[in-house]
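Fold and geometry: a report
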Amino acid sequence: MPSVFETAPATAATPITFVTKATWDAIQGELPAPARQFAAANDFAAKAGKLLVLPAADGGIAQVLFGLEDADHKARDPFRPGALPGLLPPGIYRFANAPHDTRLAALAFALGCYRFGRYRTNKAPEVRLVPPDGVDTAEIIRMADAAALARDLINTPSNDMGPAELAEVARDLATRFGAAFNCIDGDELAQNFPLIHAVGMASTRPPRLIELSWGDPAHPKVTLVGKGVCFDTGGLDLKPSSGMLIMKKDMGGAANVLALAQMVMDAQLKVRLRVLIPAVENAVAGNAFRPLDIFRSRKGITVEIGNTDAEGRLVLADALALADEETPDLLVDLGTLTGAARVALGPDLPPFYTNDEALAGDVASCATSENDPLWRMPLWPAYDAWLDSKTADITNAPSGGFAGSITCALFLQRFVEHARSWLHVDIYGWTPSARPGRPEGGECQAARAIYKLLSQRYA
């Protein structure tokens, strides 16, 4: 993604003045009389999201006014300035005064410039921003580039983003940052990662486990695991067509893990990073895994298949078991896992799970500071019994339908025994309708918050 930041002197840039209903009278009073009259003639009232271009005497642009919510508005959106790239005429701009959060406003401006243009012309807005004083431009570019990577991967349709293509993206990222790359498939995968193989074996595009390693082995071990279901039909428990419509996004966990890894490596954080992505396609064929089949996982736990559409937790389980074997200091998994999480919290607020109280507090704080919302949910021990099976150690889909996101997290917890700290995030990875800084389509969720956490701990 090209940088949206301009190195030209701020004096050459068109000023953007942020206004609220509370500040509009004072700001309006400082405008030249013609500008006040122009604003009045256009009925500009500092409504959040409204933009007004004030003309100069020579016919150019003298100034831009942009409305924000009042500072005490309970639904104030720190990313509101992310709408600017889609509203401004081409040119170079600067912030003439401070929005509610200057750093997040600059980040939102960069995120708002994203366009997915792989299959049709969809040019990014021809606007650039002079970086506000005191803002770490390199850090914002790092986050915006990572978000663009996640969005591009999720937005790419499954015919062009299968397990092999996802592996190539990881290989390219490893090459770019000097990381080691490995990919396990075929008989080795079937023997050592039975759950990953079971989910992916019906597809003509073979399943695989993608691995990337980077950093000094003496540094703290941080392992990231991302669900890479490149398309999910639901398997033999077939989804209806409406439920299948955006299942190209079911590798959103992998996309966001790669985005997070890119930020970590680009920032040169002092960690020993390991990335694991079980990449599969959950397809329908004569050899597809079936309801009530039983498989022995990598960890040795036998799993009865209660529903073939609860496949994400299966592939994550084998990958988590591998990650757990080397006792990482922090083990993080991301996946687009349950509709229950969306019912409970909606598409914009992914739940996270951990038994580490210090980690939970830090994640919540970073999510708030980065405007990358997350909400803690409990690993409720009483529900663990719901995973019981009469014929295997556990089932992947308890009957009843209650607490689906919690029982998924409890299922995954069975495969994490040695890691010093574990964080599970049930993301959506998709923006259903465009909002400032967040275009409709694939979305980078949780990655910025977790990167902030890692940068605080391991800078």
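Residues numbered from 1 in each chain as written. Predicted model: local features only at pLDDT ≥ 70, side-chain atom pairs only at ≥ 80, totals over all residues. Heavy atoms only, no water.

Moving on: the overall build of the protein chain. Along the protein chain, the regular secondary structure elements total 14 helices and 19 strands. Computed over the C-alpha atoms, the radius of gyration of the protein chain is 24 Å, within 12% of the 23 Å expected from 2.2 N^0.38 for a compact globule of 459 residues. When its C-alpha atoms are laid out on the principal axes, the protein chain stretches across 80 × 45 × 45 Å. Of the contacts formed within the protein chain by residues at least 6 apart in sequence, a portion of 76% connects residues at least 24 apart. Accessible area for the protein chain stands at about 18,600 Å²; split by element, carbon and sulfur atoms hold 51% of it. Where the 43 positive side-chain charges of the protein chain centre and where its 53 negative ones centre are 3 Å apart. (Helix = DSSP H or I, 4+ residues; strand = E, 2+ residues; numbered from the N terminus. Rg over C-alpha atoms; globule rule 2.2 N^0.38 Å. Contact = heavy atoms within 4.5 Å. Areas by Shrake-Rupley, 256 points an atom, 1.4 Å probe, with all protein chains shown as cover. Lys, Arg positive; Asp, Glu negative; His and termini not counted. Charge placed at Lys NZ, Arg CZ, Asp CG, Glu CD.)

So, about the side chain of Asn396. Looking at the element boundaries, Asn396 is found in the loop between β16 (394–395) and α13 (404–413). Only 3.0 Å separates the side chain of Asn396 from the backbone oxygen of Asn307, close enough to count as a polar contact. In this structure, Asn396 is in contact with Val303, Glu304, Ile305, Gly306, Asn307, Ala310, Arg313, Leu314 and Phe411, ignoring residues within four places of it in sequence. (Polar contact = N/O pair within 3.5 Å; in protein donor to acceptor, adjacent residues only side chain to side chain.)

As a further point, take the layout of surface pockets. If you add up the space inside the largest pocket, you get close to 670 Å³. Forming the walls of the largest pocket are 33 residues, and the residues nearest its centre are Arg313, Leu337, Thr338, Gly339 and Ala340. At the level of elements, α10 (312–324), α11 (339–345) and α13 are the ones that each hand at least two residues to the lining of the largest pocket. Of all the elements, α11 adds the most residues to the lining of the largest pocket, at 3 residues. (1 Å grid on protein atoms, 1.4 Å probe; cavity = no way out; pocket = protein on both sides within 12 Å on 5 of 7 lines; lining within 4 Å. Points joined across faces, edges and corners; volume = space filled by probe spheres on them.)

A word on helix α14 (residues 447–458). Here α14 spans 16 Å end to end across 12 residues, near enough to the 16 Å set by a 1.5 Å rise per residue. Counting buried residues along α14, 9 of its 12 residues qualify, which places the element largely inside the surrounding structure. Turning to α14, its buried residues number three or more, namely Ala447, Arg448, Ala449, Ile450, Tyr451, Leu453, Leu454, Ser455 and Tyr458. (Expected span 1.5 Å × (residues − 1). Buried < 20%, exposed > 50% of the residue type's maximum accessible area, 1.4 Å probe, protein only.)

Looking now at the side chain of Arg438. Here Arg438 is to be found in the loop between β18 (430–431) and β19 (441–442). Engagement of the side chain of Arg438 in a polar contact is seen with the side chain of Asp77, the distance being 2.7 Å. Contacts of Arg438, omitting those with residues within four sequence positions, involve Asp77, Phe79, Arg151, Asn371, Thr431, Ser433 and Glu443.

A separate point is α13. Of all 10 residues making up α13, 9 are buried, and the element is well covered by its neighbours. Residues of α13 that are buried include every one of Gly404, Ser405, Ile406, Thr407, Cys408, Ala409, Leu410, Phe411 and Leu412, and no others.

Another aspect to go through is the pairing of strand β3 (residues 61–67). Of all 7 residues that make up β3, 5 are buried, and the element is covered over most of its length. In the sheet, strand β1 (residues 14–19) pairs with β3 via 4 bridges, with the strands oriented parallel. Among the inter-strand pairings, Val19 is bridged to a residue of β3, identified as Gly67. Pairing of strand β2 (residues 51–55) with β3 involves 5 bridges; the strand directions are antiparallel. (Pairing = 2+ DSSP bridges.)

This paragraph deals with the sheet that holds strand β4 (residues 91–95). Ordered in space as β2-β3-β1-β4-β5, the 5 strands form an open sheet in which the pairing is mixed. The two strands at the open ends of the sheet, each matched to only one other strand, are β2 and β5 (127–129). Neighbour-to-neighbour, the strand axes of the sheet open up by a mean angle of 30°, direction not taken into account. As judged from the 3 bridges shared by β1 and β4, these two strands associate in the parallel manner. Along β4, the bridge assignment pairs Thr14 with Tyr93. Strands in contact with helix α3 (residues 102–112) are β4 and β5; relative to β5, the strand with the most contacts, it is inclined by about 155°. (Axes fitted to C-alpha atoms, helices over the stretch in contact; angles between N-to-C directions.)

Each aromatic ring pair is specified by the distance between its two centres and by the angle formed by the two planes. Under the defined criterion, the tally for this structure stands at 6 aromatic pairs. Here the aromatic rings of Phe18 and Phe66 are separated by 6.4 Å at their centres, their planes lie at 80°, and the arrangement is edge-to-face. Linking Phe18 in strand β1 with Phe66 in strand β3, this pair joins segments that are 48 residues apart in sequence. Both residues of the pair, Phe18 and Phe66, count as buried. Taking 5.4 Å as the distance between ring centres and 45° as the angle between the ring planes, the aromatic pair formed by Phe411 and Phe415 counts as tilted. Both residues of the pair, Phe411 and Phe415, count as buried. A connected cluster of aromatic rings, assembled from ring pairs, spans Phe18, Phe66 and Phe95. (Phe/Tyr/Trp six-rings, centres within 6.5 Å; stacked < 30°, edge-to-face > 60°.)

Turning our eyes to something else, we now look at the packing of helix α5 (residues 163–177) against helix α9 (residues 252–266). The axes of two packed helices give the description: the angle between them and the distance between them. For the pair α5 and α9, interaxial distance at closest approach is 11 Å and the crossing angle is 5°. The orientation of α5 relative to α9 falls into the category roughly parallel. Here Leu166, Val169, Ala170, Leu173, Arg176 and Phe177 of α5 come into contact with α9, specifically with Ala254, Leu258, Gln262, Met265 and Asp266. (Parallel < 35°, antiparallel > 145°, perpendicular 65-115°, else oblique.)

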